[in-house]
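The lines below spell out each chain.
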Amino acid sequence: MLTPDIAQTRAQDIVDRARKAGADAADASLAASASIEVAVRLGQLEDVGRSEDEELSLRVFVGRRSASVSSSDLSSEAMDMLVARAVAMAREAPEDQWAGLAPEERLLHGSVPDLDLADREDPSPAALKEAALAAEDAARAVAGVTNSEGGGASASRISVALATSHGFAGAYQATSRAIQASVLAGQGGGMQRDYAYHAARHARHLDDPATIGRLAGERAIARVDPIQPASGPMPVIFDPRIGSSLIGHLIGAISGAAIARQTSFLLGRLGEQVFAPGITLCDDPHRPHGLRSRPFDGEGLAVSPTAIVSDGVLETWLLDSASARQLGLEPTGHAVRGGGGSPGVGTSNTYIAAGSDSRDALFDGVARGVYVTELIGMGVNGVTGDYSRGAAGFLIEDGELTRPIQEFTIAGNLTEMFAAMTAANDLTFRYAINVPTLRIDGMTVAGG
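Residues numbered from 1 in each chain as written. Predicted model: local features only at pLDDT ≥ 70, side-chain atom pairs only at ≥ 80, totals over all residues. Heavy atoms only, no water.

Draft legend 1. Broad picture of the sheet that holds strand 8 (residues 281-283). Within the open sheet, the 5 strands sit side by side as 10-9-8-13-18. Their pairing is mixed. Taken across any chain shown, the strands that pair with only one partner, and hence form the sheet edges, are strand 10 (313-314) and strand 18 (433-434). The pairing of strand 9 (residues 306-310) with strand 10 spans 2 bridges and is antiparallel. For V309, the partnering residue across the bridge sits in strand 10 and is L314. (Pairing = 2+ DSSP bridges. Helix = DSSP H or I, 4+ residues; strand = E, 2+ residues; numbered from the N terminus.)

Set out below in structure tokens:
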């Protein structure tokens, strides 16, 4: 696998070739990765997979015309062909007045900050197998678990490089380690499935495999013999592992492309109270060993922690250079690259700050409500904010979790949901987007 230094050299080389071939400007990103996955089921090894991948994406500009191409063949001959094709495509493309590289004065200069993203050693297949077996064994040992979908462990390493024709070149390496287990409880048509997993940059930060397995088993048996809740308006409380999806809808609504196209339910709301007072949403690309930490964005801009929402007020759009030009604003350092094409917009380590109430306090006073642990389907309209999704979880009665529930729908409008949101103080950092337990009053539940 390519080291970061070699990946950076390759990216810079393709940019130089593009300039020599007639491009006025160019940038290139290169990702080289290697991963290994081990899967077990019922105590037996089921699969071992290893993959290595290299992908280079090149974007060239001829005046205000641009084209993007990508290749997994990094040979010199293939690079020459890639450059020639890209420049020829750009000359035939329509003009785009917003096209161009990021502002030169905003580029990251100096050394790339060390965010401790890469583990020193890669685990052996035998070690991954041992972890996967330990997770599944612990899950199957939970009383009431009747079958298993398996356990798994994986490790990956990736080198990421970016180079531009106006002075930026940088690279970094990151690793990922993960363990998971998925089991079933109950019998026949009444069987219920649940899972647990944990991912981290470093193996030392992973939960113990047995802890992950036990949690999977306990979650599965808790879901046995579900009922449908009664329909009506009531409080909905979101488990942290699925509450993050609400923030995903916000990120899409405040992306520069959605605002420029005027296809967002939050259009015109910048600087206004969008969430309930007390809700603060942050994005921190510099979080040490964070799952989405990065030293620079997908256009080579320096990145820094950002308050997206402060005390309920929407503070910023998320802008790459093209959408920033279209809106007459400055890019925010949220450009991301994914395969070929122009950069899009994305966040890094995003989280809702812990609130002042305990988790138990969110349940207090709920005479009847639902606690959602699983969401199904994608009935969300980014233009209107209308929200409707299938769900499963637990019934809340007199402030206590009682029966498991399934086959119901929760519905509302994201504008109203954000304004009615309350956050507990139980924030932990386990995912790319992290939230504490969240409560939203007045949602519509449609059950039996």
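Draft legend 2. Geometry of the nonpolar core. With 46 residues, the main nonpolar core has F238 and I410 as its most contacted residues. Counting 27 residues, the second largest nonpolar core, distinct from the first, contains A7, A11, V69 and L74. (Core = buried A, V, L, I, M, F, W, Y, C linked by side-chain atoms within 4.5 Å. Buried < 20%, exposed > 50% of the residue type's maximum accessible area, 1.4 Å probe, protein only.)

Draft legend 3. Quick look at empty space enclosed by the protein. A complete count under the given rule lists 2 cavities of 30 Å³ or more for this structure. Size it by volume and the largest cavity reaches roughly 40 Å³. Lining the largest cavity, in full, are Q192, R223, P226, A392, G393, P404, I405 and Q406. For the lining of the largest cavity, the secondary-structure elements that each account for two or more residues are strand 15 (386-397) and strand 16 (400-413). The class makeup of the residues in the lining of the largest cavity is 4 nonpolar, 3 polar and 1 charged. Reported here for the second largest cavity is a volume of approximately 30 Å³. Lining of the second largest cavity is provided by D283, P285, R294, V303, S304, T306, T332, G333, H334 and S348. For the lining of the second largest cavity, the class distribution of residues is 2 nonpolar, 6 polar and 2 charged. (1 Å grid on protein atoms, 1.4 Å probe; cavity = no way out; pocket = protein on both sides within 12 Å on 5 of 7 lines; lining within 4 Å. Points joined across faces, edges and corners; volume = space filled by probe spheres on them. Nonpolar A, V, L, I, M, F, W, Y, C, P; charged D, E, K, R; others polar.)

Draft legend 4. Region of interest: the layout of surface pockets. As a volume, the largest pocket reaches approximately 580 Å³. Around the largest pocket, the lining comprises 25 residues; the ones closest to its centre are I158, V160, Y172, V336 and R337. When contributions to the lining of the largest pocket are tallied by element, the ones reaching two or more residues are strand 1 (25-41), strand 2 (44-62), strand 4 (145-164), strand 5 (169-185) and strand 11 (335-336). Looking at the lining of the largest pocket, the element that brings in the most residues is strand 4, giving 4 residues.

Draft legend 5. Quick look at the environment of G213. With respect to the element layout, G213 can be found in helix 4 (residues 209-222). For G213 and K20, which are 193 residues apart along the polypeptide, the C-alpha to C-alpha distance reads 56 Å. Residues contacting G213, with those up to four places away along its chain left out, are A135, A138, A139 and A181. (Contact = heavy atoms within 4.5 Å.)

Draft legend 6. Layout of the packing of aromatic side chains. The final tally for this structure, using the stated rule, is 8 aromatic pairs. Pairing Y195 with Y197 gives two aromatic rings, centres 6.3 Å apart and planes at 20 degrees, and the pair type is stacked. For Y195, a relative accessible area of 28% gives the class partly exposed. Through a chain of ring-to-ring contacts, the aromatic side chains of F168, Y172 and F296 assemble into a single cluster. (Phe/Tyr/Trp six-rings, centres within 6.5 Å; stacked < 30°, edge-to-face > 60°.)

Draft legend 7. Broad picture of the pattern of salt bridges. Scanning the entire structure with this criterion turns up 20 salt bridges. E374 is the partner of R223 in a salt bridge, and the nearest nitrogen-oxygen pair spans 2.7 Å. Of the two residues, R223 is situated in the loop between helix 4 and strand 7 (232-238) and E374 in strand 14 (residues 368-380); the sequence distance between them amounts to 151 residues. Relative accessible area serves as the criterion here: at 27%, E374 is assigned to the partly exposed category. Here R269 and E272 are joined by a salt bridge, their closest N and O atoms 2.6 Å apart. One connected set of salt bridges, linked through shared partners, spans D194, R223, D239, R241 and E374. (Salt bridge = Lys/Arg side-chain N within 4 Å of Asp/Glu carboxyl O.)

Draft legend 8. Main features of the sheet that holds strand 6 (residues 192-200). With antiparallel pairing, the 6 strands of this open sheet are ordered in space as 3-2-1-4-5-6. Edge positions in the sheet fall to strand 3 (65-71) and strand 6, since each of these pairs with one other strand and no more. Adjacent strand axes in the sheet meet at a mean angle of 15 degrees, parallel and antiparallel pairs treated alike. Note that strand 5 and strand 6 share 9 bridges and pair antiparallel. Residue L184 lies in a different strand from strand 6, and its bridge partner there is R193. (Axes fitted to C-alpha atoms, helices over the stretch in contact; angles between N-to-C directions.)

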